[in-house]
Each structure stands twice: as structure tokens, then as C-alpha cells.
Amino acid sequence: MSGFFDELKRRNVVRVGIAYVLIAWLIAQVAELALDSFEAPGWVIKTVLLLLALGVPVALFFAWAFEITPEGLKKEKDVDRSQSVTHDTGRKLNSVIIGVLILAVGLLLADKFLMQPEVATDTSVAVPVARAAETNSIAVLPFVDMSPNKDQEYFTDGLTENLLHALAQISELKVAGRTSSFAFKGKNTDLRDIGQQLNVGSILEGSVQKAGGKIRITTQLINTEDGYHLWSKTFDRDLEDIFSVQDEIAGAVASALKKSLLGDREWSISTSNFEAYNAYLLGLSYLNKATPGDWDRAIEQFQSALQIDANMALAWAGLSRAYSQKTGYSTNFEAGFAKAREAALKAIELDPNLADGYLALSNVQTSHDWDWDGAQASLNRATELRPSDPDIVVGMAQLKWIRGEEKIATDHIEEALSQDPLNVTLLRSYVSALTRMGRTDESLARAQWMAQTLPEGGAIYYTLSAVYQRRGDLENALAAIENEAFDFLRWEQEAILYDEMGDRKTAQEKLDKLVTTYGDDTSWQIARVYASWGDKDETVAALERGFAVRDPGIVYIKGEDSMTQLLAGDPRYEDLLRRMNLL
């Protein structure tokens with residue numbers, strides 16, 4: 001036996017084996033990094049590893065059966081022992097092994113000290129308000145479109161949202177918000193991980209197959225603690241029955257969770273016409289994309305639904321929301337919000353028990369009418385009708401923030417984040433609150449996470465830049481704002497930052513671009529620039545122009561530190577607050 005091992009060593013079989021394993025390990029590491037960069041499917045790296053493993057016996061066989069000579073590769077039996085150069089080959093293999101070991105150690109050190117993600121990417125900050133999952137909590141994940149042509153995504157998304165609203169009417173049940181639930185759309189994330197991120201005890205998921213006049217809805221309720229099914233069912237219906245089947249699903253889920261519906265109140269689609277309902281779902285899908293072009297398309301679809309069924313309260317509420325969102329980022333505030341108000345009031349007239357109508361009305365009362373008591377009443381009524389809706393809590397927080405009740409506003413934000421932890425609007429507000437409280441380490445980590453995880457969210461980089469600015473890191477603040485999609489926010493922040501960096505000329509150029517492009521419709525942004533520059537008169541003048549056009553941004557005047565410090569005691573500032581019903 002010892003003779004066999006001696007022969008293995010003489011033929012360098014052991015050295016070849018060690019060298020092959022080390023080189024294969026390096027190849028595997030590089031391949032994994034490269035394939036991850038190209039987002040290659042998992043089977044590709046598995047195939048590479050399999051081929052490398054299969055190469056081990058091949059390498060050992062060649063080391064045993066062949067020898068490298070000055071004349072080339074020869075069979076071992078054909079080489080004269082006196083002419084063998086296996087000793088020289090062994091020394092070369094030793095050098096190869098040492099070299100590969102050095103590379104391997106270097107790669108391990110680089111992975112440990114140079115390739116570790118920054119704290120901002122740590123998923124521990126993915127949930128702004130971490131709380132233990134409650135058993136009476138649920139998330140409704142976007143149902144999957146299983147239709148033959150895969151062209152019913154808007155329908156499945158709408159069905160999901162309607163189920164979410166139906167469950168939100170169960171007073172004993174906390175329902176994760178739409179934004180957070182839809183963040184996992186199209187992702188193959190473990191349901192237990194989703195449960196942890198959304199702080200929910202159960203998840204409702206399913207699929208929809210729509211063909212001709214028939215529809216099949218497959219649903220399952222999962223316990224997020226262990227991943228086991230609590231309940232599942234398949235519903236085969238005619239399309240005309242879609243209205244009743246949604247209530248049926250919500251009731252079955254409530255029964256499975258041993259919760260009772262709020263009295264005898266049921267979620268109402270407010271139409272019996274499928275074509276009107278279909279147009280409403282299309283409008284809802286565009287509304288949730290939240291871009292100017294999509295807001296226009298949402299308005300068209302809601303109007304189409306109302307042409308079919310003028311008494312569909314849900315479509316009136318959706319139309320109001322679309323008008324409000326479009327107007328807030330455009331011009332002619334008076335005309336746009338007048339349309340939004342009219343549509344909201346129509347929704348309430350048609351269905352006084354529809355929470356969506358009161359929520360839509362509160363948007364107008366807050367952003368344009370400055371009717372704070374009216375907005376509070378609308379939100380209170382919406383809460384009575386749908387007590388577990390985080391969108392309503394968001395409205396409450398926004399109203400308290402406007403009225404200067406920051407502690408109550410922050411409490412509302414944290415409450416809403418416990419149900420909708422991935423909501424961009426909530427996260428931005430929470431980051432701002434943390435920054436104002438001086439907790440900039442925490443707010444920076446959360447703002448960085450938002451920029452990396454939700455880069456398409458509105459005003460994300462504007463928020464990140466403001467945190468850097470508060471920390472005195474103006475270079476990173478400027479670098480962040482360059483990525484902001486909304487140009488009017490970008491120019492505003494650049495005008496502020498360049499002035500702080502001592503470059504008033506460039507700052508003035510940015511402000512001039514803002515004024516020339518948008519005029520009085522960005523009075524709030526212009527006022528913020530002048531306040532940062534310390535110019536009282538220009539700040540007041542911009543605020544007055546904002547008051548005249550009802551710029552929606554001006555409502556946040558009491559929460560703007562630079563402005564309140566600059567104008568404290570100025571009678572013009574106090575008079576403006578009084579006229580806005582904020583004193």
C-alpha cells in the first residue's frame with residue numbers, strides 16, 4: 001500500500017488534486033459574482049459547480065496516466081524513469097498551489113473588509129417601526145394573473161385592493177397597507193420573511209384566471225410564523241358574480257381568523273355593471289402608478305366608468321383622488337381642486353357609508369380649502385367606516401403636521417408604518433420627523449435605505465439630500481439631489497445648497513430657473529430658498545404669492561424650521577398664519 005502512495009506522490013497526483021480544487025474554488029467564486037451581476041438564473045451557477053466537480057476525477061486520471069515532458073504530454077508508461085521530470089513538475093505545481101492560496105486568502109479578506117454592504121443597506125432598517133407581528137393582522141399580496149394572455153394585471157391588482165379594503169372594515173383586524181403589500185409584487189420572497197417585514201401574522205395570496213365570461217379565483221391564507229396554510233379555496237364564477245365573490249372571500253378569511261365583520265356593513269363596489277367596474281379597475285391601476293401621464297389616464301378611465309354607470313360612488317371617489325394628485329404637481333390649483341371637491345361630494349352623496357369619498361374630500365380640504373376642522377371631520381368619518389385603513393392614518397398624520405402638532409403627527413406616522421412599513425410617503429415624513437428631532441443617524445440610515453430600495457419613489461433623493469444638509473455634509477447633499485426626478489424640487493434644493501457652500505452665483509441661477517419655469521405655482525419652493533438665504537422680505541412676498549394661488553405646499557409653513565426662525569415675531573408672518581386658520 002505504501003508503494004501505491006509513493007507512486008501517487010511521484011506522479012504528482014496529490015499536488016494536481018490540491019491545485020485543481022483550489023483553482024475550481026476560485027473559478028466558482030468569480031462565476032458567482034459575475035452571474036449575480038447579470039442576474040443569471042440559479043441553475044446556471046449550479047451547472048458551473050457540477051462541471052467543476054465532474055472535473056476532479058478527470059484531473060486525477062490525467063495526473064496518474066500522463067506525464068508532462070519537454071516533448072509534450074506522454075503516457076506515463078512510455079516515459080523512461082531515468083528521463084522523468086516529475087520532480088520539476090512537482091516544484092512548479094507547488095508554486096501554483098502557493099499562488100492560488102495567496103489569491104484565495106486575498107479574495108476572502110476583500111470579501112470580509114471591502115465588499116460588506118453599508119449599514120444603510122441592512123434590512124434591519126427596512127421596517128421603520130419594528131414591532132412583533134400580531135395574530136390579528138394580515139397582508140393581502142397582489143393576486144397573480146393566470147389568464148391565458150397575461151393581460152389582466154389591472155384586474156387582479158384591482159381585485160386585490162378591493163379585498164384589502166373589505167378586510168380593512170373588520171374592526172378587530174389590522175390590515176397592511178397597499179403600498180407595502182404591493183412592494184412584493186412579482187418577487188419570490190418567502191412568506192415568512194414578508195410577514196416579518198410587514199409585521200403581520202397572516203398573508204392572503206392567490207391567483208385569478210379570467211377567460212371569456214368566466215373567472216376562477218384561487219385563494220390561500222398563510223400563517224407567517226410557520227408558513228402553513230390556515231385556509232384555501234377556489235371560486236369558479238361568472239364575471240357578473242365578481243361583486244359578490246369578493247365579499248365572500250373577505251368573509252371566509254374573517255371566519256378563518258375568527259374575526260367578525262363590523263356589524264352588518266359590507267364592502268360595496270357601488271355598481272352592478274361589470275364594464276363600469278372594469279374601467280374603474282383600470283383607473284385605479286393608473287392612479288397607483290403616480291406619474292403625471294398616468295394620472296391623466298386614470299381620469300379618463302374613471303370618467304369612462306361613470307359614463308357607463310353615473311351612480312358608481314367608487315369611481316367618483318377615484319376621480320377626485322386623481323384630480324387632487326394631478327393638481328398638486330401641476331398648475332391652476334383652483335380649477336383642479338374644484339373638480340376634485342365636486343367628485344368627492346358626489347361620491348358621498350351617492351354612498352354616505354363609503355370611506356373612499358370622505359378620504360378624497362379630506363385631500364381637498366387639506367391641500368386647497370385649508371378647512372382643517374372639516375378635514376378632521378372627514379377623516380374621523382372615514383375611520384369609523386374603515387378603521388384599519390393606513391391611508392386614513394396617513395391623512396390624520398398629515399393634518400396634525402400642518403397644524404403644528406408634531407408629537408401627535410409622529411405618533412400617527414408610527415402607527416401607520418406599523419401597518420404600511422414600505423409606504424414611501426410615510427417613510428419620507430418619518431425621516432423628516434427624525435431629522436427635526438436631531439436623530440440624524442437614524443434618519444440618514446432610513447433615507448439611504450429608501451434611495452437604494454425604492455429609488456422610483458417620489459422625492460426620495462430630495463429627502464436624502466435634506467438629511468445630509470442637516471448633518472452639514474453638503475457635498476453628499478448635492479450629490480443626492482442630482483438624482484431627484486422632480487426638477488422643481490431639485491432646483492430648489494440646489495439653490496439652497498450652493499448658497500450654503502458660498503456660491504451665490506450658481507444658487508441664483510438655480511432659483512432663476514425655478515421661477516422662469518414654474519412661476520407662482522412653486523411659491524412654496526421659492527419661499528424656502530429665500531428663507532434659507534435669510535431674506536425676510538422676499539420670503540414673505542413668495543408666501544403671499546403662494547397664498548394667492550393656493551399653492552398646496554404652503555400648508556406646511558409651521559413645520560419649516562428655517563422659515564419659523566427667520567419670521568418669528570414678524571407681524572406679516574402671523575397675519576398669514578391667521579388667514580390660513582393656523583393661529
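Look a little higher up for the structure.
In this convention, every chain numbers its residues from 1, walking through the sequence in written order. Local features are withheld for residues below a pLDDT of 70 in this predicted model, meaning they are given only at 70 or higher, and side-chain atom pairs are given and counted only at 80 or more; totals for whole chains, interfaces and linings count all residues. Note that water and hydrogens are dropped before the side-chain values are worked out from all heavy atoms of the structure.

Draft legend 1. Seen up close, a nonpolar patch on the surface. Patch membership requires over 30% relative accessible area and the absence of a salt bridge. Like charges are linked within 9 Å, and nonpolar side chains (Val, Leu, Ile, Met, Phe, Trp, Tyr) within 5 Å. Under the convention used here, a 1.4 Å probe and the Shrake-Rupley method define accessible areas, while residue burial counts only the protein chains that appear. Throughout this description, the term salt bridge denotes a Lys or Arg side-chain nitrogen within 4 Å of a carboxyl oxygen of Asp or Glu. Taken together, the side chains of V21, V56 and L60 present a nonpolar region at the surface, about 200 Å² in accessible area. Comment: elements are numbered from the N terminus, with helices defined as DSSP H or I runs of at least four residues and strands as E runs of at least two. Within the secondary structure, L60 sits in helix 3 (residues 42-65). The buried label applies to any residue whose accessible area, calculated with a 1.4 Å probe on protein chains only, is under 20% of its type's maximum; exposed applies above 50%, and partly exposed to all values in between. Here L60 falls in the partly exposed class, since its relative accessible area comes to 31%.

Draft legend 2. Focus on the side chain of H412. Note on placement: H412 falls in helix 16 (residues 406-419). Its relative accessible area of 18% is what places H412 among the buried residues. Beyond its immediate sequence surroundings of up to four residues, H412 is in contact with V393, M396, A397 and K400. Note on contacts: a residue pair is in contact if any heavy atoms of the two residues lie within 4.5 Å.

Draft legend 3. The arrangement of the environment of S324 in detail. Structurally, S324 is set in helix 11 (residues 313-328). Sequence-wise, S324 and S367 are 43 residues apart; in three dimensions their C-alpha atoms are separated by 8.4 Å. Setting aside anything within four residues of it in sequence, one finds S324 in contact with F337, A340, N363 and V364.

Draft legend 4. A look at the pairing of strand 6 (residues 200-211). Burial within strand 6 is extensive, with 9 of its 12 residues counted as buried. Whether two strands pair depends on DSSP finding at least two bridges between them. Bridge analysis of strand 4 (residues 144-145) against strand 6 gives 2 bridges, and the strand direction is parallel. By the bridge assignment for strand 6, D145 is matched with V208. With 10 bridges connecting them, strand 6 and strand 7 (residues 214-223) associate as antiparallel partners. Bridge pairing in strand 7 links S207 to T218. Connecting strand 6 to the next strand, strand 7, in antiparallel fashion are 2 residues, including G212 with a positive phi near 60°.

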